Amino acid sequence: MESNSQYARMDYWDERFKTEKNFEWLSESLTLAAAPVKYRCNYGILKATIEAILVTEKSAWEPSDEALRNLENIFSSICRVLKPDGMFISVSFTQPHFRIPALLREKNWSVEMFEFGETFHYYVYVCKKGKDLDTELRDRYSSIAKSWLRPL
């Protein structure tokens, strides 16, 4: 029987996908933003990955410099692998007044937010590479959680 902890190990995924015929498994840390890419993607999807990176933060209102650097590296990594008109989709329980300012740190994409659920909400954030940011959205959310946008 498999345990959830194995999914965090890269060797598990390397082994699982090594026999795929139409799939090349590439693995690297999203927080390092390092290697050049051989292929570009139309879509990138993360579910709760950013939450996992930020779980040790003491305050949702005042992210640490390390957290902001990690976010910048994550967004840079995502943009690096997306095609020029690619789309990044983040599925999250994080409220828009925290997530949208974080996503606004990346200047190379537009941001849209979709809310789902009745009592317990979750959000889908869609970032389109190379598209202009909605200035109304930028103005609205950049004034709420300003620490997410502070320069490093």
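Source: prediction; values computed, not measured.

Conventions we followed
- Residues numbered from 1 in each chain as written.
- Predicted model: local features only at pLDDT ≥ 70, side-chain atom pairs only at ≥ 80, totals over all residues.
- Heavy atoms only, no water.
- Core = buried A, V, L, I, M, F, W, Y, C linked by side-chain atoms within 4.5 Å.
- Buried < 20%, exposed > 50% of the residue type's maximum accessible area, 1.4 Å probe, protein only.
- Helix = DSSP H or I, 4+ residues; strand = E, 2+ residues; numbered from the N terminus.
- Contact = heavy atoms within 4.5 Å.
- Salt bridge = Lys/Arg side-chain N within 4 Å of Asp/Glu carboxyl O.
- Pairing = 2+ DSSP bridges.
- Axes fitted to C-alpha atoms, helices over the stretch in contact; angles between N-to-C directions.

Describe the nonpolar core, naming the residues involved and giving the relevant values.
Counting 26 residues, the largest nonpolar core has Phe88 and Trp109 as its most contacted members. Among the secondary structure elements, those contributing two or more residues to this core are helix H2 (49-54), helix H3 (65-81), strand S2 (82-92), helix H4 (96-103), strand S3 (109-116), strand S4 (122-129) and helix H5 (135-142). Beyond its immediate chain neighbours, meaning those up to four positions away, Phe88 contacts Gly44, Leu46, Ile50, Ile78, Leu82, Leu103, Trp109, Tyr125, Val126 and Cys127.

An account of the pattern of salt bridges is requested, with residue identities and associated values reported.
One side chain can pair with another of opposite charge once the charged atoms of both are near each other. By the definition in use, this model includes five salt bridges. The partner of Glu51 in a salt bridge is Arg99, with the nearest N and O atoms 3.3 Å apart. Taken together, the positions of Glu51 in helix H2 and Arg99 in helix H4 put the pair 48 residues apart, joining distant regions of the chain. By relative accessible area, which is 22% here, Glu51 ends up partly exposed. Lys128 serves as the salt-bridge partner of Glu112, at 3.0 Å between the closest nitrogen and oxygen. In this pair, Glu112 sits in strand S3 while Lys128 sits in strand S4, placing the two residues 16 residues apart along the sequence. Overall, the relative accessible area of 28% leaves Lys128 in the partly exposed class.

Before we move on, can you summarise the sheet that holds S2 with the specific residues and values?
Read from one edge to the other, the open sheet built from four strands follows the order S1-S2-S4-S3, with strand pairing classed as mixed. Here the strands that pair on one side only, and so sit at the sheet edges, are strand S1 (41-47) and S3. Ignoring strand direction, the axes of neighbouring strands in this sheet form an average angle of 15 degrees. Relative to S2, S1 runs parallel, the two sharing six bridges. Opposite Lys47, over in S2, you have Val91 as the bridge partner.

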